[in-house]
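Working through the structure, step by step
For reference, the chains in residue letters:
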Amino acid sequence: MFGEDVVMLSRMQFGLTALYHFLFVPLTLGMTFILGIMESVYVMTGREVYKDMTKFWGKLFGINFAMGVTTGLTLEFQFGTNWAYYSHYVGDIFGPLLASEGWMAFFLESTFVGLFFFGWDKLTKVQHLVVTWLLAVGTSLSALWILIANGWMQHPVGAEFNYETLRMEMTSFADVFFNPVAQVKFVHTVAAGYVTGSMFVLGISSWYLLNKRDIGFARRSFSIASAFGLASVLSVIVLGDESGYTSGETQKIKLAAIEAEWETTPAPASFTVFGFPDQDNEKTDFAIKVPYLLGLIATRSVDEDVKGLKDLRNESAERIKRGMVAYAELQKLRSGDSSEQTRQRFDAYKNDLGYGLLLKKYTDRVVDADAEMIQKAANDTIPKVALLFWSFRIMVACGFTMLFIFAIAFYHCAVRNADQKPWLMRMAVWGIPLPWIAAETGWFVAEYGRQPWTISGILPTHMSVSSLSSEQLWFSIGGFALFYTVLLVIELYLMFKYVRLGPSSLHTGRYYHELQAGQAH
Amino acid sequence: MFDYETIRLIWWLFIGVVAIAFALTEGFDFGVCTLLPLLGKSDVERRVIINTVGATWEGNQVWLVLLGGAIFAIWPAVYATLFSGLYVAMLLVLFSLFFRPAGFDYRGKIENPVWRNAWDWGLFIGGTLPPVLLGVLIGNLLLGLPFHLDQDLRAFYDGSFWDLLSPFALLCGVVGLLATTFHGALFLKWRTEGVIHNRARTAVAVLGPLLLVSLAMAMSWMLTAVDRPEITHMAGTSAASNPLNKTVVAAGAGWLSHFLAEPWMLLAPMLGFAGLVLAWLLGKGRSTAGAFLMSSLGIAGVLLTVGFGLFPFLLISTTDPRSSLTLWDASASHATLLLGFWITVVFLPIVLLYTRWVYKVIWGSVTEAGVLKDSHTLY
């Protein structure tokens, strides 16, 4: 097959560009909703300060949105440029989801984003509000389609292999759309975006309050962010738990790796809160366990097993052997033997064809693979446990820290003394990075935890890449590194500049820097 | 509803429509960005130029995203083969597009002439390189690309980036750039008054003949001297999509006879030339909307010529003609084509309606006075 370096470099490039893209997406998701809320208050109350809030936070949103657009283009291109065999193999299912995202989401958000910025004097209040909400709906719809696509990669339903076209083809769009993994992921991810927007507004407003500037403006922003943030972070956590339940059913290996669950223990399984997973000896040192908890999360029962990694690896080995049979039958079908018997035998084994393809990493002659190759391929189905174990715990810790911050912030807003609590405001400022850390580690768990597959159980990652040379990959990785670094420096510079300027950047004459300048004269 | 053959043909038309919509809308955005540092002398003049497309370029760009997504969904093999085969070229298109979102949005955020001038040239790159590269790409689609499929239908590209830069393809790149710049100049002239309007009119007058001459050269070159393979046997227009189930032979220059076999297809190049000639004649005079409409028809005619000429091929392979992809053997499954059809039938009109509304709201001449008045909200 391909050199390991091409596969590694392709994975590295995709991982870096996707994680980089997701620095900007959650803020866009959250900010558009917060802008919608602020502007709704403006339209309902007619108070100018809410219009100024919409415009100022809108400026910061705009700086971020440009980067989201830039880095999103990369992903659209990259399936074709770097994952060509993947594109051929599952384009029949994956392609329509991306195209739907274009029709229903990208057009909506991209067409109305211009009017959001330039339509203030050309539209009535209500018209402009509608534009802002359409922008918000567009961004969330975009998340819907991409998470249906990603949910399908984690748990492929509603499709089957066609031996004539040598690819997966859609059998039920409804199954793909209502994929339980996708639905849960969607709500979890958009709510995480709303949390990101809320934390951003909460933290920056706190910074103004700490510096005793633009108090009325900052206090109102703080209130909206604390309420919206609290509701959102609760949904993230509840849906995260729901995610655990669907993973227990559909992505057993990922769940077992997150929990460093090496052995199948008698039900109900206990939850490892903390410990040091040791991959070589397949055990977890210094584990602190909570009885029953994992069983409850993963199976919602006290009498079902949660399978451990060693047993799951043995299951993989069995499926690889069945996959070899499927591959052999496919060879017969391709060489023209489409007799009833061959077709039936292929149909009986084809669900394990993907496991047979795992062997392609070790031999081109899948049918003749020996026991050692099968064992190696089965080992590949178990990911590096410590990475997943820790990433997951970092994500959860960030989530609960934010729940704590939002809950206290909301309480003090309700009793109307939030701006007299400097420790709370300092916590909110220092909490700004948390949603990003949670989102990046969360995606790492979802994607790295699916390895060695691009499409779980269907298509191995090492088969999915394009027929490229490592020189070509170094060219593209170098280009991305260059552009993305320069753009990030510029983006952060502008972001800090405009945060420091605050609402004075609107040039209304009503805010801190302009009032200071006025006093100086 | 529709049988497999019919829906495959419908999708060939739909993708043509999306490609034309992309060329017409992004086309003038590209052109305006190319003209930006050339026609705008002062910062205010450049802001006038930028703000003619400032509120709408982002929606226009979605036509490109949709074109990519639709090809992925409808012709997965084409998406896979083309994007991975032309790896370096595709990444250059992508990298040059990077200049635009930041260029539009960040330029006005700092009042420093060096900063703003740098972004003006960034926007110039973002408006100039893509049409050149996409023109070169179209040239190579006509020439055919060196690729083959193996037994697993995995695509292998047998050439290098430099092979793409043949004289004919480079000529197509020149046509691409002249077409978007001409189209952009007409748009700019339509949406401005005074000094920028006059400079845009001069640009139209100069670019028109250059475009027409280079286009005529490219077309006669294609019709007389470019090889076109022939399909000698295929599984059928409703068969399962597997490109290897056909035989194709390399043949000599066959484009002219391909058009003469169905003479009505010659309407496409005629529309192309007639539209662009009229756009030039009207555009160097007082006409604004009329000239822009004519150039739109002209560009649509040129793209239709490419599509009709290739039919039924989508990608021609020069190294292994049998691996060539056609709309009959490189499409998605019947069910997916039908699904995509219904999504398109519902959403295309909705998108067109609200896009039209947005244009209506922001329409009007962009002037220096207006830019100075709204200095802190406009780009």
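Attention in this report is confined to the structure presented alongside it. (Residues numbered from 1 in each chain as written. Chains lettered and ligands numbered in written order. Predicted model: local features only at pLDDT ≥ 70, side-chain atom pairs only at ≥ 80, totals over all residues. Heavy atoms only, no water.)

1. As for the packing of helix 7 (residues 180-210) of chain A against helix 15 (residues 385-414) of chain A
Residue and element names in this part refer to chain A. Axis separation between helix 7 and helix 15 bottoms out at 12 Å; the angle between their running directions is 55 degrees. In this view, helix 7 runs oblique relative to helix 15, as classed from their interaxial angle. You can see that helix 7 and helix 15 cross each other, and the crossing is left-handed. Across the interface between the two elements, V195, S198, M199 and L202 of helix 7 pack against M402, I405, F406 and A409 of helix 15. Classifying every residue of the contact of helix 7 with helix 15 gives seven nonpolar, one polar and no charged. (Axes fitted to C-alpha atoms, helices over the stretch in contact; angles between N-to-C directions. Helix = DSSP H or I, 4+ residues; strand = E, 2+ residues; numbered from the N terminus. Parallel < 35°, antiparallel > 145°, perpendicular 65-115°, else oblique. Left-handed = near helix turned anticlockwise from the far one by under 90°. Contact = heavy atoms within 4.5 Å. Nonpolar A, V, L, I, M, F, W, Y, C, P; charged D, E, K, R; others polar.)

2. Regarding a nonpolar patch on the surface
Among the surface-exposed residues, V273, F274, F276, F286, I288, V290, Y292, L293, L296 and V302 of chain A lie close enough to one another that they form a single nonpolar patch of about 910 Å² accessible area. Mapped onto the nonpolar patch, the elements with two or more residues apiece are strand 3 (271-278), strand 4 (283-290) and helix 10 (293-299) of chain A. (Patch = residues over 30% accessible without salt bridge, like charges linked within 9 Å, V, L, I, M, F, W, Y side chains within 5 Å. Areas by Shrake-Rupley, 256 points an atom, 1.4 Å probe, with all protein chains shown as cover. Salt bridge = Lys/Arg side-chain N within 4 Å of Asp/Glu carboxyl O.)

3. Digging into the packing of aromatic side chains
Residue and element names in this part refer to chain A. Here the structure, examined in full by the defined rule, presents 82 aromatic pairs over all chains. Residues F161 and F346 carry aromatic rings whose centres are separated by 6.1 Å and whose planes lie at 65 degrees to one another, so their mutual orientation is edge-to-face. Highlighted residues: F161 in strand 1 (residues 159-162) and F346 in helix 12 (residues 340-349), separated in sequence by 185 residues. Residue classification places F161 among the buried positions, given a relative accessible area of 8%. (Phe/Tyr/Trp six-rings, centres within 6.5 Å; stacked < 30°, edge-to-face > 60°. Buried < 20%, exposed > 50% of the residue type's maximum accessible area, 1.4 Å probe, protein only.)

4. Quick notes on the interface of chain A and chain B
Across the contact, 79 residues belong to chain A and 69 residues belong to chain B. Buried surface at the junction of chain A and chain B, summed over both partners, amounts to about 6900 Å²; 73% is from carbon and sulfur atoms. In terms of surface lost to chain B, no three residues of chain A exceed F77, W103 and F118 of chain A, which account for 13% of the buried area on that side. Remark: the boundary between chain A and chain B carries two salt bridges. In this structure, K360 of chain A and D152 of chain B form a salt bridge, with 3.5 Å as the shortest nitrogen-oxygen distance. Within the residue set of the side of chain A that touches chain B, elements represented by two or more residues are helix 3 (48-82), helix 4 (84-118), helix 5 (125-154), strand 2 (167-170) and helix 19 (470-501) of chain A. Of all the elements, helix 4 of chain A adds the most residues to the side of chain A that touches chain B, at 25 residues. (Buried area = accessible area lost by both parts, 1.4 Å probe.)

5. Some remarks on helix 5 of chain A
Along its 30 residues, helix 5 of chain A runs 44 Å from first to last C-alpha, staying within 8% of the 44 Å computed at 1.5 Å per residue. Among the 30 residues in helix 5 of chain A, 21 count as buried, and that is most of the element. (Expected span 1.5 Å × (residues − 1).)

6. What about the environment of L312 of chain A?
Within the secondary structure, L312 of chain A is located in helix 11 (residues 309-334). If we ignore the near neighbours within four places in the chain, the residues touching L312 of chain A are K252, I253, A256 and K307 of chain A.

7. Section: empty space enclosed by the protein
Under the definition given, this model contains eight cavities of 30 Å³ or more. Taken as a whole, the largest cavity encloses approximately 150 Å³ of empty space. Around the largest cavity, the lining is made up of 20 residues, and of these H88 of chain A together with A77, T81, L149 and L153 of chain B lie nearest the centre. Among the elements of the structure, helix 4 of chain A together with helix 4 (76-85) of chain B are those that each provide at least two residues to the lining of the largest cavity. Class assignment of the residues belonging to the lining of the largest cavity gives a composition of 10 nonpolar, seven polar and three charged. (1 Å grid on protein atoms, 1.4 Å probe; cavity = no way out; pocket = protein on both sides within 12 Å on 5 of 7 lines; lining within 4 Å. Points joined across faces, edges and corners; volume = space filled by probe spheres on them.)

8. Let's talk about the pairing of strand 2 of chain A
Residues and elements named next belong to chain A. Of the two faces of strand 2, the one lined by R167 and E169 and the one lined by M168 and M170 are each fully buried. In this sheet, strand 2 lies alongside strand 1 in antiparallel orientation, the contact comprising four bridges. Of the residues in strand 2, the one forming a bridge with E160 is E169. What sits between the antiparallel neighbours strand 1 and strand 2 is a turn of four residues, in which L166 has the positive phi angle 55 degrees. (Pairing = 2+ DSSP bridges.)

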